[in-house]
Amino acid sequence: MTKPLLPLFFIGAFILGISSCKYSNEYQTINVKNKFSLAVPGWMKEEDKLALNAAFQYANRFRNFYSVAFVSEKDKPFQLYVQTNLDSLKAYLKNPLLSDSAAVQPNGANGVRAEVFGKMNNENIYFSEEFINGKNSYYHISVWTRGEERKLHFKEDINRILNSFKEI
């Protein structure tokens, strides 16, 4: 290879490398154990070590964006289920703040959504929590990211994931 072409080769390889790192913005619907489905962006991948006993675990570690979901038996009143899970999350955070919860109806199911903020390992963590009172089970979906700027940047993705819930 001649010397004048060498820099062009490296520039071309760099551009090709950068362009191959693009993420898909298309959403895919994930059927979770024939219990429920959630839609996630193509840039999230399945994980297996985010949360013990989670039926659904997806993340993009590069973007610091995570989502898990749990299925639970209806063995206590729904409000107690919500409070117990929020208390568990707050116990892991330093100086946790809980926003006012709001009633939601993802695809006709009754539920509650809350925002939780706190520090974990000296880092600000923002959680969007949704609890759904399904026909036969309770569902808990958690989406979180690090830092307020990421939470604001991914606001539409967070809402789209939470709003995509469908009980099967």
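Report on the accompanying structure. (Residues numbered from 1 in each chain as written. Predicted model: local features only at pLDDT ≥ 70, side-chain atom pairs only at ≥ 80, totals over all residues. Heavy atoms only, no water.)

1. A short note on the overall build of the protein chain
For the protein chain, the count of helices and strands is four helices and eleven strands. Looking at the protein chain residue by residue over its 168 residues, the buried ones come to 40%. Across the protein chain, contacts joining residues at least 24 apart in sequence account for 45% of those joining residues at least 6 apart. Accessible surface, the protein chain: about 10,400 Å² in total, of which carbon and sulfur atoms supply 53%. (Helix = DSSP H or I, 4+ residues; strand = E, 2+ residues; numbered from the N terminus. Buried < 20%, exposed > 50% of the residue type's maximum accessible area, 1.4 Å probe, protein only. Contact = heavy atoms within 4.5 Å. Areas by Shrake-Rupley, 256 points an atom, 1.4 Å probe, with all protein chains shown as cover.)

2. What to know about the sheet that holds strand 11 (residues 166–167)
Spatial strand order, 1-2-11: three strands in an open sheet with antiparallel pairing. On the outer flanks of this sheet lie strand 1 (27–32) and strand 11, each paired with one strand and no other. Summarising the sheet, strand 1 and strand 2 (residues 36–41) pair through six bridges and their orientation is antiparallel. Looking at the pairing, Gln-28 lines up with Val-40 of strand 2. Sheet strands touched by helix 4 (residues 155–163): strand 1 and strand 2. Its angle to strand 2, the strand with the most contacts, is close to 160 degrees. (Pairing = 2+ DSSP bridges. Axes fitted to C-alpha atoms, helices over the stretch in contact; angles between N-to-C directions.)

3. As for the pairing of strand 8 (residues 110–120)
In terms of strand pairing, strand 6 (residues 94–98) meets strand 8 through three bridges, oriented antiparallel. Note on strand 8: the bridge partner recorded for Leu-97 is Phe-117. By the bridge criterion, three bridges tie strand 7 (residues 102–104) to strand 8 in an arrangement that is antiparallel. Note that in strand 8 the partner of Ala-102 across the bridge is Arg-113. Across eleven bridges, the pairing between strand 8 and strand 9 (residues 123–133) is antiparallel. Its bridge partner lying in strand 9, Glu-115 is registered against Ser-128. Count of turn residues in the strand 8/strand 9 antiparallel hairpin: two residues, of which Asn-121 carries a positive phi of about 55 degrees.

4. Describing unusual backbone geometry
Glycine aside, the phi torsion of most residues is negative, and most peptide linkages are trans. One non-glycine residue, Lys-33, lies in the positive phi region at around 55 degrees. Note that Lys-33 resides in the loop between strand 1 and strand 2. Note on Lys-33: relative accessible area 65%, which makes it exposed. Phi at Asn-64 takes a positive value of approximately 55 degrees, unusual for a residue other than glycine.

5. Comments concerning the packing of aromatic side chains
Under the counting rule described, the total for this entry stands at 14 aromatic pairs. Measuring from centroid to centroid gives 4.8 Å for Phe-56 and Tyr-58, while their planes differ by 25 degrees, and the two rings are stacked. The same class applies to Phe-56 and to Tyr-58, which are both buried. In this structure, Arg-160 packs its charged tip against the face of Tyr-27, placed 3.7 Å from the ring centre. (Phe/Tyr/Trp six-rings, centres within 6.5 Å; stacked < 30°, edge-to-face > 60°. Lys NZ or Arg CZ within 6 Å of the ring centre and 35° of its normal.)

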